[in-house]
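Residue-level listing of the chains:
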Amino acid sequence: MKKSTVNILMMAAIVTAVITATTAMAQTTPNWLLPLPQEQTASPGVFSTVLPSASAARVPGASGAGVVTRRSYSDGVYYQRPAGAFYQGIDTNWQGMSHTAVIVRPWCDITWQNKCATTAVTWTIAGQPATADAQGDLTRQYQPMPQGLYSEQLPTITNGNKSYTLGEGTEGWDDSHLSMAMVSDVAEMSVYDQRLIVGTSGDVNLLNFRPLSVYNTKYNFGTMTLTNGTATYYVDGVTQLFERPLGPLWVESVVIPAISYSTDYMPADGELTLTFYDYVYNQEGVPMIREAIDTMTCRASDIVFLGRQQLSATTSVAMLSLVFSTPDKAPLTLIDRFCVTIRGFNKQGVDIGLAGAFVDDVDRSTTTGSSLLLQDAQGNDLQTMYNYGSLIPCIGIRGLYDAIRLETQGGGMTLTAPAEGGVATVDGKTDDTQTVDIYTAVPMNASSATLTTSAYTFEGLPEWLSVAVDESERDYIGGASGNAYGHGLTHLTFTAQPLPEGSSSRQAEIYISGRGTRTTTPIIITQEKGYEKGDINRDGEVNTTDVTVLYNAIFGTDTTTDREICNIDDDTNGDVNTTDVTALYNIIFGTGK
C-alpha cells in the first residue's frame, strides 16, 4: 500500500473545487459562530479555559453540509474507531493513503465496539469469521508485517442483511479499496479519516476532506476577524482535543496543511507556536485545559511551499504545509489525553489559513470539535472560545506507537557467559541456545528503519558485553499459504570478553528502550570463574575453612547458598549431609577427588 501522490495539477483541482463548494455555503453570519460563553477560570495563566462540547453542535446521524453519513450508520449497523487508534493523515507533500488506515499499537488489545442495538451480530475479517464476545464486541491484537508493516484489513460487522466496515464511504467511494488496521513506522496520525481522493476538476470527490476551508474569502481556521453584534474579535489560534493514546505515543513533529491568499504569508522572522496541553473533564463534562506539556515552533523557513493556484485574474492561493518541531529537544512522548493549540495568526504580516475536515457521524462520539482562540483589538487574549462542532483542523501528528515484546523463560531471561569469554547461552533454553528473541514494532537497526535516530537502545549494557542484532527473520514468510509469521522477530546474541584476572564473577542487567517504551523484564547475563570441587566459600582454595562452612550449612547456622553447597554434593542427590563432609575431608587430605 502506497500513499497517493498529489501533484500540483491535482492540488489545483482540489483548490478550485473546495473554494467553489465553500463559497456556495456562505452566509452573512457564519453558522458555526456561537455566543461567547461566560468566563470561567480553570487555572491562572492558562489562556483558554472553556471548551464547549462538540456533541451539542450536531446530532449524530443528522445530515448537513460537509457531513458524511456512512453506509449502514443511519440503519444502526456500525462500529467505531477505538479511541486512541488514530487515522493516518497526510504528509508534508499532501500525500495521503488511498484508503482508510487506522494506526494501532502492536501486541495491544484493540476492541471494535458493536454499536448495533443487538448483540446478535457477526464479524468477518477479509471474508473470514472472527469471534466476538458476549456484547458483540471484537477484540484483536495486531502485529508488524512485511512490506511497510501493514497488519490486516479492518473488520466487517453484519446484522441481518446489512454490513459495515470502517472506512466505507457513500458518494462514489470505491469499496474495492481496503480499510486497514496497521502497525506503522513513524507516520502522520490524526483524529479525522484522511482519505485524499483526487481526479479532474470535474469529478473531484472530496468526501469529508476540506483542505482549503475558506469562508467568504476568509479562513475557517487562521488569520481572520469575527464580529458578534458590535464587537470585533481577532482569531489568534485554534485548539483541537485528542483522546488518550493506545499507549505511549512518540511524537517527532506535527504537519498541518494550509493555504494563504497572500504572496508573503509570513515574515522571515515570524513563527507560529504549537503547544500540547493536558486536559480533564469537570463535573459538567466540559473539558478544561490544564498544564502545558511541550511546545513546538514553525518558522517561515519550516513552511513547505507546494505551489500556487490562480483563482482569478487577481486572486491566487499558496498551498503550504506547516511543519512544527523541536529541533533542539528530544521528541515528545504522550501518555494521556491531550489537546493541540496553534497560535500566532493575529500577528503583523501573517496571513495563513489551516485546512479543515468535517468529522463524520461515526466518529462523532470519539472526536471533540475544535475551538477558536480570540483576541480583542489590543491583542489581549479572551478567556473564551468559539466552538466549531463537526469541523476540525487537519492536524497530523507525526508519531509512532512503539512496543517491545521479550520472549521470557520462566518469568525472566537469564544467560551465562563463559569465564574465558565468548557467546552467552540462555539458561533453560533447549533450542537456539545462543540467542535472545525479542519482537519490536519497527526494525532495531536504524539502517532498515525510516527513523531519524537509532531505533532502540540497550540500557545497562557494559563494555565487557557486545550484542549482535539479527533481523533476517523479522519479516519471514513461509508455509503453503504464504502467511507472514516473523511479526517483528529479532535475534540478539551477546558475547562477553574474558573475565579479568583476579575477578571471580560479574553480572549485567539489561533493559531495552524504544520510543516511549521499555521492557519491564531485564535480560540478566552472568559471567563467573569456575571453581574447584569443594571450594565452598570460593576463595580459590579447598581447606578446613570450607569444612566449617559446610558443617554450619548442614546444621542450619550458615546462609550458604544452594549453589555453593552443591559444589560438594558428592553423590549429587541434592542432599548435602555428613557424607559430603567426609568427601570434603578426603579431597583436602588427598584421599578423594
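Criteria and cut-off values
Residues numbered from 1 in each chain as written. Predicted model: local features only at pLDDT ≥ 70, side-chain atom pairs only at ≥ 80, totals over all residues. Heavy atoms only, no water. Helix = DSSP H or I, 4+ residues; strand = E, 2+ residues; numbered from the N terminus. Buried < 20%, exposed > 50% of the residue type's maximum accessible area, 1.4 Å probe, protein only. Areas by Shrake-Rupley, 256 points an atom, 1.4 Å probe, with all protein chains shown as cover. Pairing = 2+ DSSP bridges. Arc of directions from axis to C-beta. Salt bridge = Lys/Arg side-chain N within 4 Å of Asp/Glu carboxyl O. Core = buried A, V, L, I, M, F, W, Y, C linked by side-chain atoms within 4.5 Å. Axes fitted to C-alpha atoms, helices over the stretch in contact; angles between N-to-C directions. Parallel < 35°, antiparallel > 145°, perpendicular 65-115°, else oblique. Contact = heavy atoms within 4.5 Å. Nonpolar A, V, L, I, M, F, W, Y, C, P; charged D, E, K, R; others polar. Phe/Tyr/Trp six-rings, centres within 6.5 Å; stacked < 30°, edge-to-face > 60°. Polar contact = N/O pair within 3.5 Å; in protein donor to acceptor, adjacent residues only side chain to side chain. pLDDT = per-residue confidence, 0-100.

### Quick notes on the overall build of the chain
Part 1: Scanning the chain from terminus to terminus reveals five helices and 41 strands.
Part 2: With 593 residues in all, the chain has 52% of them scored as buried.
Part 3: Carbon and sulfur atoms provide 48% of the accessible area of the chain, an area that totals close to 25700 Å².

### Considerations on the sheet that holds strand β37 (residues 457–459)
Hydrogen bonds between backbone groups are what pair the strands of a sheet, and the pairing can be parallel or antiparallel.
Part 1: Strand order in the open sheet formed by five strands is β35-β33-β41-β40-β37, with mixed pairing between adjacent strands. Lying at the two open borders of the sheet, with one neighbouring strand each, are β35 (425–426) and β37.
Part 2: Pairing between strand β33 (residues 413–417) and strand β41 (residues 523–528): five bridges, direction parallel. Residue pairing for β41: alanine 417 is matched across the bridge by glutamine 527.

### Considering helix α3 (residues 544–554)
Part 1: Three or more residues of α3 are buried, namely Asp546, Val547, Val549, Leu550 and Ala553. Viewed along the axis of α3, the buried residues span an arc of 165°, placing them on a single side of the element.
Part 2: At the C-terminal side of α3, glycine 556 shows a positive phi close to 80°.

### Considering the pattern of salt bridges
Part 1: Tallied over the entire structure, the rule returns ten salt bridges.
Part 2: Residue aspartate 336 pairs with arginine 244 through a salt bridge whose shortest N-O separation is 2.7 Å. Here arginine 244 lies in the loop between β18 (231–242) and β19 (249–260) and aspartate 336 lies in the loop between β24 (332–334) and β25 (338–343), a separation of 92 residues in the sequence.
Part 3: The partly exposed category is assigned to aspartate 336, whose relative accessible area is 34%.
Part 4: Between arginine 518 and glutamate 459 there is a salt bridge; the shortest N-O distance is 2.9 Å. Here arginine 518 is found in the loop between β40 (505–513) and β41, whereas its partner glutamate 459 is found in strand β37, with 59 residues between them in sequence.
Part 5: Given the relative accessible area of 32%, glutamate 459 is considered partly exposed.
Part 6: It is possible to trace a salt-bridge network through shared partners that takes in Glu188, Glu252 and Arg398.

### Digging into the nonpolar core
Part 1: Core analysis: the biggest nonpolar cluster contains 54 residues, and Phe276, Leu322, Phe324 and Ile352 have the highest contact counts within it.
Part 2: The greatest single-element share of this core, amounting to five residues, is contributed by β19.
Part 3: Counting residues in each nonpolar core, the second largest holds 52 residues, with Tyr87, Ile404, Ile510 and Ile525 among its members.

### So, helix α5 (residues 578–588)
Part 1: Taken as a whole, α5 has its buried residues at Asp580, Val581, Ala583, Leu584 and Ile587. Summarising the axial view, the buried residues of α5 lie within an arc of 160°, below the 170-degree limit, and thus occupy one face.

### Brief notes about the sheet that holds strand β10 (residues 156–159)
Part 1: Strand order across the open sheet formed by four strands is β7-β6-β10-β11, with antiparallel pairing between neighbours. Two strands close off the open sheet at either side, each with one partner strand: β7 (128–130) and β11 (162–165). Taken pair by pair, the neighbouring strands of this sheet meet at an average axis angle of 35°, ignoring direction.

### A short note on the packing of α3 against α5
Part 1: Contact geometry of α3 with α5 gives a least axis separation of 10 Å together with a crossing angle of 175°. Here α3 lies roughly antiparallel to α5, going by the angle between them. Taking contact as the criterion, the partners of Thr544, Asp546, Val547, Leu550 and Ile554 in α3 are, on α5, Thr578, Asp580, Val581, Leu584, Tyr585 and Ile588.
Part 2: Considered class by class, the residues forming the contact of α3 with α5 number seven nonpolar, two polar and two charged.

### Quick look at the packing of aromatic side chains
Part 1: Scanning the entire structure with this criterion turns up nine aromatic pairs.
Part 2: When the ring of tryptophan 107 is compared with that of tyrosine 439, the centres are 6.4 Å apart and the planes differ by 70°; the resulting orientation is edge-to-face. Of the two residues, tryptophan 107 sits in the loop between β4 (101–103) and β5 (110–112) while tyrosine 439 sits in strand β36 (residues 436–440), which places them 332 residues apart along the sequence.
Part 3: Judged by relative accessible area, which is 15%, tryptophan 107 ranks as buried.
Part 4: In this structure tyrosine 439 comes out as buried when scored by relative accessible area, which is 15%.
Part 5: Here a set of aromatic residues connected by ring pairs shows up, and it is made of Tyr79, Trp112, Trp123 and Tyr164.

### Re the side chain of arginine 506
Part 1: Relative to the assigned elements, arginine 506 resides in strand β40.
Part 2: A polar contact is formed between the side chain of arginine 506 and the backbone oxygen of proline 498, at a distance of 3.1 Å.
Part 3: Polar contacts involving the side chain of arginine 506 include one to the side chain of glutamine 527, which spans 2.7 Å.
Part 4: Setting aside residues up to four positions removed in sequence, arginine 506 forms contacts with Trp464, Gln497, Pro498, Leu499, Pro500, Ile525, Thr526 and Gln527.

### Some words on the pairing of β41
Part 1: Looking at chain direction, β40 and β41 are connected through six bridges and run antiparallel. Considered in β41, the bridge of glutamate 509 is made with isoleucine 524.

### Quick word on the environment of alanine 441
Part 1: Note that alanine 441 resides in the loop between β36 and β37.
Part 2: Sequence separation between alanine 441 and alanine 403 is 38 residues; the distance between their C-alpha atoms is 5.4 Å.

### Quick look at the confidence of the model for the chain
Part 1: Summarising the model, the chain shows a mean pLDDT of 74, and 68% of its residues fall at 70 or more.
Part 2: In the model, residues 170–177 has pLDDT below 50 throughout and makes 20 contacts with residues more than four positions away in sequence or in other chains.
Part 3: In the model, residues 480–484 has pLDDT below 50 throughout and makes seven contacts with residues more than four positions away in sequence or in other chains.

### Section: the pairing of β19
Part 1: For β19, the buried fraction is high: twelve of the twelve residues fall into the buried class.
Part 2: In this structure, β19 lies alongside β24, joined through three bridges in antiparallel fashion. Looking at β24, one finds that tryptophan 250 is bridged to threonine 333.
Part 3: Strand direction decides the pairing type here: β19 and strand β31 (residues 396–401), joined by six bridges, are antiparallel. Counted as the bridge partner of leucine 249 is tyrosine 401 from β31.
Part 4: As paired strands, β19 and strand β23 (residues 316–324) are joined by seven bridges and run antiparallel to one another. Within β23, the residue paired with serine 260 across the bridge is alanine 318.
Part 5: Note that β19 and strand β26 (residues 353–354) share two bridges and pair antiparallel. Bridging from a neighbouring strand, alanine 258 pairs with leucine 354 of β26.

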